[in-house]
Amino acid sequence: MTHVQRRLAFFVPAAALLAVVLGCGLTRLPSFGLPHSEYARYITEHAPAQRHVSNIVSSVVFDYRGWDTAGEELMMFAAVMGTALLLRSGRDEERRRPTDVMTSDAVRIAGAGAVALTLLVGLWTIAFGYLTPGGGFQGGVVAAAAALLTWVADSYRRHRAVTPATLVDAAEGLGAVGFLAIGLLGLVVAGSYLQNVLPLGIPGTLTSTGTIALLNAATGLEIAAACVLIFAEFLEEYVVTVPGPTPEDP
Amino acid sequence: MQDVLLVVAYTVVMVLGVCVVVTREPLRQTLVNGFFGLALVLLFVVLQAPDVAISEVVVSTVAFPLVLLTTIYRVAAVRRSADEDES
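In this report, we go over the structure that sits alongside the text.

Cut-offs used in this document
- Residues numbered from 1 in each chain as written.
- Chains lettered and ligands numbered in written order.
- Predicted model: local features only at pLDDT ≥ 70, side-chain atom pairs only at ≥ 80, totals over all residues.
- Helix = DSSP H or I, 4+ residues; strand = E, 2+ residues; numbered from the N terminus.
- Rg over C-alpha atoms; globule rule 2.2 N^0.38 Å.
- Contact = placed C-beta atoms within 7 Å.
- Nonpolar A, V, L, I, M, F, W, Y, C, P; charged D, E, K, R; others polar.
- Core = buried A, V, L, I, M, F, W, Y, C linked by C-beta atoms within 7 Å.
- Buried ≥ 20, exposed ≤ 12 C-beta atoms within 10 Å, placed from the backbone.

1. Section: the overall build of chain A
Point 1. Assigned secondary structure in chain A consists of nine helices and zero strands.
Point 2. Ordered by position in the sequence, the α and β elements of chain A form the string α-α-α-α-α-α-α-α-α.
Point 3. In terms of overall size, chain A is more extended than a compact globule, its C-alpha atoms giving a radius of gyration of 24 Å where 250 residues would be expected to give roughly 18 Å.
Point 4. Based on the C-alpha atoms only, the size of chain A along its principal axes is roughly 65 × 60 × 35 Å.

Right under this line is the structure:
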């Protein structure tokens, strides 16, 4: 029996089994475009009255399935910590400072505009997350992209100056702890984790939806800071290759 | 009209998905993957899922390419210095 034959002897039965399992699963799927499942119908019917939201998705993410989101927050926190530990341990202590490529005035001015615009879009996406499409996760990544743009348009040095590690670390911790603390507040005051304990306000305004608004803001802070930290670790790896970063041809 | 948009969106996703897999050069693959992400965004918009579409935009245009590109450059630099040591 050759190497290829041995591999095939494993692959063919495994592939056949997978095909059968997938086939069984696919035949039981609801047909395409079926309007609403029971769950979706219940949520769309009751969410506006129960939580005063106009973006139903946010009420699912931060309230009905808020427990899942808490897990995702911690997952993100752990992922950032793992990335930082792994990459920092492989790095030399005495590394040379990166030599920044001088960007032109035109690039810097256009970049300054782009940074402001991107940051605004990010904050806007976070702020109106429970009223219109968007939310803490999406807006957080956009806000982190604004920080990244300072590197593209200006220099690595400038990028590190506007995102000091102590501030970003603190913001990430505050976001993660804030989410869990708001959940605990519900446990203490109302008897169950992530239960709303705040006034719901007038639907369609920024002060409405009670805890959803706060959880959304905490998520925005956590994700923005987490992305900046991950970007910083990878950029740190990249600048070691400067000057003359030319990838090899395969 | 809706059906036509859906068929177009699904087809583009399918074609670009295959393109990502058959592109063997990592740098080029990152670029093709960006187009694949854009196709997914269009699909999510057609399926009326704006929240997911925005998530896909930020992940496929910011987070994913940055991590990939820095890694590609870093690995190339490590390999280059290893080659220099050998010669």
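2. A few points about the interface of chain B and chain A
Point 1. If you look at the interface, chain B gives 20 residues, while chain A gives 23 residues.
Point 2. Considering only residue class, the side of chain B that touches chain A consists of 13 nonpolar, two polar and five charged.

3. Here we look at the environment of Gly 175 of chain A
All names here are of chain A.
Point 1. Looking at the secondary structure, you find Gly 175 in helix H8 (residues 165–189).
Point 2. In the structure, Gly 175 is positioned 47 residues away from Glu 222 in sequence and 4.2 Å away in space, judged by C-alpha atoms.
Point 3. Discounting residues that sit within four places of it in the chain, Gly 175 has contacts with Ala 218, Thr 219, Leu 221, Glu 222 and Ala 225.

4. Here's the deal with the nonpolar core
Point 1. Counting 50 residues, the largest nonpolar core has Val 141, Ala 144, Cys 227, Val 228 and Phe 231 of chain A as the members making the most contacts within it.
Point 2. Listing elements by their share of this core, those giving two or more residues are helix H2 (38–51), helix H3 (56–64), helix H4 (66–89), helix H6 (136–153), H8 and helix H9 (211–239) of chain A together with helix H3 (50–86) of chain B.
Point 3. If near-sequence neighbours (up to four positions away) are discounted, Cys 227 of chain A is found in contact with Gly 140, Val 141 and Ala 144 of chain A together with Ala 63 of chain B.

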